[in-house]
Amino acid sequence: MAWRSTGSTNAALIKNLTSNGLITSERVRNAMLAVDRAHYAPATPYHDSPQTIGFGATISAPHMHASAAESLLPYLRPDARVLDIGSGSGYLTAVLANLVGPSGTVVGVDHIQGLVDLAHRNMSKGKEGREMLEAGKVRFVKADGRLGLDGGEGGWDAIHVGAAAKEAHEVLVEQLRAPGRLFIPVGEGMQYIWVIDKKEDGSVVREKSFGVMYVPLTDAPKD
């Protein structure tokens with residue numbers, strides 16, 4: 001039903017994603033309504049399809065962002081710490097920031113400085129986004145996402161990966177708090193979403209979910 005979710009406005013897109021069962025919670029619906037995709041995918045922002053954003057990267061289709069947000073939602077408490085690897089245009093980073101609210105922290109990571117700068121510019125287009133950046137509630141950094149990021153304070157409540165990894169990197173699981181959740185596409189050729197939970201006792205549960213098609217999680221391009 002994803003291909004039927006395209007709308008003429010941001011509100012229409014979110015309404016269609018909800019009607020088609022791709023958004024199921026009011027929190028995710030409101031968070032996505034609060035972030036205008038036209039600030040992040042200016043060509044055809046309300047199409048439910050991936051869009052190119054330069055640097056050989058894409059912004060994922062809205063239904064994939066909805067799926068990620070819905071999956072991570074139980075771990076997106078008001079004070080949660082969230083890592084968005086492969087943050088690209090910054091769109092989902094902004095949605096996640098709306099979900100954790102003013103007491104939470106979201107860090108977007110990309111391995112290309114041009115994308116880090118792009119995400120910061122995109123989020124600065126709206127008043128709420130500028131305020132989150134100025135307050136340090138959201139930041140974008142250049143780093144190798146396959147290594148995660150030292151989150152301090154015991155790690156991350158939720159980690160989203162927006163590009164396909166060759167494997168579900170154990171360092172990312174290690175950086176989860178207990179409890180915490182990792183949402184990551186894995187595979188070369190055939191790719192699947194893996195949802196990996198670290199339980200309160202530190203045990204890890206891995207669930208292979210639906211098939212997807214993402215750009216690969218790679219090294220930064222050589223000069």
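If you look the chain up in an unreviewed UniProt entry, it shows as protein-L-isoaspartate(D-aspartate) O-methyltransferase from Letharia lupina. Turning to the chain, the UniProt annotation filed under Subcellular location (unreviewed entry) states: "Cytoplasm". A UniProt comment under Sequence similarities (unreviewed entry) is attached to the chain, and it reads "Belongs to the methyltransferase superfamily. L-isoaspartyl/D-aspartyl protein methyltransferase family."

Engineer: Help me get a handle on the overall build of the chain, residues and values and all.
Structural biologist: A tally of regular secondary structure across the chain gives 7 helices and 9 strands. Relative to the globule expectation of 17 Å for 223 residues, the C-alpha radius of gyration of the chain, 16 Å, shows essentially globular dimensions. Along the first, second and third principal axes, the C-alpha atoms of the chain reach 45 × 40 × 35 Å. Residue pairs in contact within the chain that sit at least 24 positions apart in sequence constitute 55% of those at least 6 positions apart. With an accessible surface of roughly 10100 Å², the chain has 53% of that area assigned to carbon and sulfur atoms. Within the chain, the 25 negative side-chain charges are centred at a point lying 4 Å from the centre of the 23 positive side-chain charges.

Engineer: Outline the pattern of salt bridges, listing residues and values.
Structural biologist: Inspection of the entire model under this criterion finds 9 salt bridges. As a salt-bridge pair, Arg29 and Glu26 come within 4.0 Å of each other at their nearest N and O atoms. In this pair, Arg29 and Glu26 are both assigned in helix H2 (residues 26–33), 3 residues apart and thus about one turn of the helix distant. Exposure remark for Arg29: the relative accessible area of 30% places this residue in the partly exposed category. Here Asp197 makes a salt bridge to Lys199, at a shortest N to O gap of 4.0 Å. According to the relative accessible area criterion, Asp197 is buried, its value standing at 9%. Residue class for Lys199 comes out partly exposed when judged on its relative accessible area of 35%. Salt bridges sharing partners connect three or more residues here, namely Arg77, Asp79, Asp157 and Arg177.

Engineer: Go over the environment of Tyr75 with me, naming the residues and quoting the values.
Structural biologist: Relative to the elements of secondary structure, Tyr75 occurs in the loop between helix H3 (62–72) and strand S3 (81–85). Between the C-alpha atoms of Tyr75 and Leu182, which are 107 residues apart in sequence, the distance is 10.0 Å. In this view, Tyr75 contacts Ala80, Asp157, Ala158, Pro179, Gly180, Arg181 and Asp197; residues no more than four positions away in its chain are not counted.

Engineer: Outline the nonpolar core, listing residues and values.
Structural biologist: Met32, Leu76, Val82, Val95, Leu99, Met123 and Val138 are the most contacted members of the largest nonpolar core, which has 47 residues in total. Considering each element in turn, this core owes the most residues, 8 residues, to helix H4 (residues 91–100). In contact with Leu99, other than residues within four places in its own chain, are Arg27, Val28, Ala31, Ala69, Leu73 and Leu76. If you look at the next biggest cluster of nonpolar residues, it comprises 19 residues, including Val109, Trp156, Ala165 and Leu176.

Engineer: Please give an account of the packing of aromatic side chains that cites residues and values.
Structural biologist: A full pass over the atoms with the stated rule returns 1 aromatic pair. Aromatic side chains Tyr40 and Tyr91 sit 5.7 Å apart centroid to centroid with 75° between the ring planes, which places their arrangement in the edge-to-face category. With Tyr40 in the loop between H2 and strand S1 (51–54) and Tyr91 in helix H4, this residue pair connects regions lying 51 residues apart in the sequence. By the burial criterion, Tyr40 is buried, and Tyr91 matches it.

Engineer: Could you give an account of H4, with specific residues and numbers?
Structural biologist: Across the 10 residues of H4, 9 count as buried, placing the element largely inside the fold. Those residues of H4 not exposed but buried are Tyr91, Leu92, Thr93, Ala94, Val95, Leu96, Ala97, Leu99 and Val100. Note on H4: the residue one or two positions beyond its end, Gly101, has a positive phi of about 75°.

Engineer: Give a description of the side chain of Asp197 that names residues and reports values.
Structural biologist: In this fold, Asp197 is placed in strand S8 (residues 191–198). A distance of 2.6 Å separates the side chain of Asp197 from the side chain of Arg181, its partner in a polar contact. If we skip the residues at most four places from it in the chain, Asp197 touches Tyr75, Gly180, Arg181, Ser203, Val204 and Val205.

Engineer: If you had to explain the side chain of His65 to someone new, which residues and values would you point to?
Structural biologist: Tracing the backbone shows His65 in helix H3. What makes His65 buried here is its relative accessible area of 7%. When residues no more than four places from it in sequence are discounted, the contact partners of His65 are Arg37, Ile59, Ser60, Tyr91 and Leu92.

Rules used in this analysis
- Residues numbered from 1 in each chain as written.
- Predicted model: local features only at pLDDT ≥ 70, side-chain atom pairs only at ≥ 80, totals over all residues.
- Heavy atoms only, no water.
- UniProt positions renumbered as here; feature names shortened; annotations may be inferred.
- Helix = DSSP H or I, 4+ residues; strand = E, 2+ residues; numbered from the N terminus.
- Rg over C-alpha atoms; globule rule 2.2 N^0.38 Å.
- Contact = heavy atoms within 4.5 Å.
- Areas by Shrake-Rupley, 256 points an atom, 1.4 Å probe, with all protein chains shown as cover.
- Lys, Arg positive; Asp, Glu negative; His and termini not counted.
- Charge placed at Lys NZ, Arg CZ, Asp CG, Glu CD.
- Salt bridge = Lys/Arg side-chain N within 4 Å of Asp/Glu carboxyl O.
- Buried < 20%, exposed > 50% of the residue type's maximum accessible area, 1.4 Å probe, protein only.
- Core = buried A, V, L, I, M, F, W, Y, C linked by side-chain atoms within 4.5 Å.
- Phe/Tyr/Trp six-rings, centres within 6.5 Å; stacked < 30°, edge-to-face > 60°.
- Polar contact = N/O pair within 3.5 Å; in protein donor to acceptor, adjacent residues only side chain to side chain.

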